[in-house]
Amino acid sequence: MAPGEYFEDLYLDSGKENITIQSESGPEQTIINGSQTWHGTLIQLSSNYFTMDGFTIKHHTGNALVANNAQHSTFKNLTLKNNHNYTFNNSTVENCLFTENTGTLNILGSSDEWDSNIYKNVTIAGNDNSFKIQIQHQTSGISGTWFDVLFLDRKSTRLNSSH
């Protein structure tokens, strides 16, 4: 996508896989602004193996980004700022900044993979005191040890807990 500030909703239905939306100039210059949308969700993705790279997503009072049915998708080089809610399901989130947000960062796992969510080089800072992180895993009954969310810092150190 070309640099600019876009006041648009983005909806991607299921059945359309392996789609990449990438900015040409990075998050400082390519902005999705939710301040003028009347929908409850700014970005709703239902496409598996989706990639979003290089955007600022800001100023939405509802669900800023819902990737509940976008399994095995990648979200990278994003600035997620001054929004209300986010939902990721079996996704990789990499080199992203969550700041000035309220509401909830929902991290959902619904597979039998031990590492269904990976957060690498993610900064969560400067958010409202009401901003929380919710981690939920649903499994079809496997037993053993698994990690629903794998947090990696810049040195790739595990910062997670096991079940």
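Above: the structure in question.
The model shown is predicted, which means the values in this text are computed figures rather than measured ones.

Conventions adopted
- Residues numbered from 1 in each chain as written.
- Predicted model: local features only at pLDDT ≥ 70, side-chain atom pairs only at ≥ 80, totals over all residues.
- Heavy atoms only, no water.
- Helix = DSSP H or I, 4+ residues; strand = E, 2+ residues; numbered from the N terminus.
- Buried < 20%, exposed > 50% of the residue type's maximum accessible area, 1.4 Å probe, protein only.
- Contact = heavy atoms within 4.5 Å.
- Areas by Shrake-Rupley, 256 points an atom, 1.4 Å probe, with all protein chains shown as cover.
- Polar contact = N/O pair within 3.5 Å; in protein donor to acceptor, adjacent residues only side chain to side chain.
- Salt bridge = Lys/Arg side-chain N within 4 Å of Asp/Glu carboxyl O.
- Pairing = 2+ DSSP bridges.
- Phe/Tyr/Trp six-rings, centres within 6.5 Å; stacked < 30°, edge-to-face > 60°.

**Here we look at the overall build of the protein chain**
Link 1 in the chain: Regarding its fold elements, the protein chain presents zero helices and 18 strands.
Link 2 in the chain: The 163 residues of the protein chain split such that 44% are buried.
Link 3 in the chain: Nonlocal contacts in the protein chain, meaning residues at least 24 apart in sequence, comprise 52% of its contacts between residues at least 6 apart.
Link 4 in the chain: Accessible surface, the protein chain as shown: approximately 8200 Å² in total, 44% of it carbon and sulfur.

**Some remarks on the side chain of T104**
Link 1 in the chain: Counting through the fold element by element, T104 comes out in strand β14 (residues 104–109).
Link 2 in the chain: Residue class for T104 comes out buried when judged on its relative accessible area of 9%.
Link 3 in the chain: A polar atom in the side chain of T104 sits 3.4 Å from the side chain of K132.
Link 4 in the chain: Contacts of T104, omitting those with residues within four sequence positions, involve H84, N85, Y86, F131, K132 and Q134.

**Describing the pattern of salt bridges**
Link 1 in the chain: Enumeration according to the criterion identifies two salt bridges in this entry.
Link 2 in the chain: Across the salt bridge formed by E5 and K58, the nearest N and O atoms sit 3.9 Å from each other. Of this pair, E5 sits in strand β1 (residues 4–6) while K58 sits in strand β7 (residues 56–58), and the two are 53 residues apart along the sequence.
Link 3 in the chain: Note that E100 is salt-bridged to K81, the shortest N-O span being 3.9 Å. Note that E100 is positioned in the loop between β13 (97–99) and β14 and K81 in strand β10 (residues 79–81), a separation of 19 residues in sequence.
Link 4 in the chain: The exposure class of E100 is partly exposed, given its relative accessible area of 41%.
Link 5 in the chain: What makes K81 partly exposed here is its relative accessible area of 30%.

**Observations concerning the sheet that holds β10**
Link 1 in the chain: Taken together, six strands build an open sheet; the order of strands is β1-β4-β7-β10-β13-β16 and the sheet is parallel. Among the strands making up the open sheet, the edge pair consists of β1 and β16 (123–124).
Link 2 in the chain: Pairing of β10 with β13, which is carried by three bridges, proceeds in the parallel orientation. For L80, the partnering residue across the bridge sits in β13 and is F98.

**Let's talk about the packing of aromatic side chains**
The geometry of an aromatic ring pair is captured by the separation of the ring centres together with the interplanar angle, meaning the angle of the planes.
Link 1 in the chain: Overall, the coordinates contain five aromatic pairs when judged by the stated rule.
Link 2 in the chain: Where F50 meets F75, the ring centres are 6.1 Å apart and the plane angle is 45 degrees; that geometry is what we call tilted. Separated by 25 residues along the polypeptide, F50 in the loop between β5 (41–45) and β6 (51–53) and F75 in strand β9 (residues 73–76) bring together distant segments of the chain.
Link 3 in the chain: Classification of F50 as buried rests on a relative accessible area of 0%.
Link 4 in the chain: Their ring planes at 85 degrees and their centres at 6.4 Å tell us that F88 and Y119 sit as a pair that is edge-to-face. One end of the pair, F88, is in strand β11 (residues 85–89); the other, Y119, is in strand β15 (residues 115–120), and 31 residues separate them in sequence.
Link 5 in the chain: What makes Y119 buried here is its relative accessible area of 1%.
Link 6 in the chain: Cluster of aromatic residues (ring-pair linked, three or more members): F50, F75, Y86, F88, F98 and Y119.

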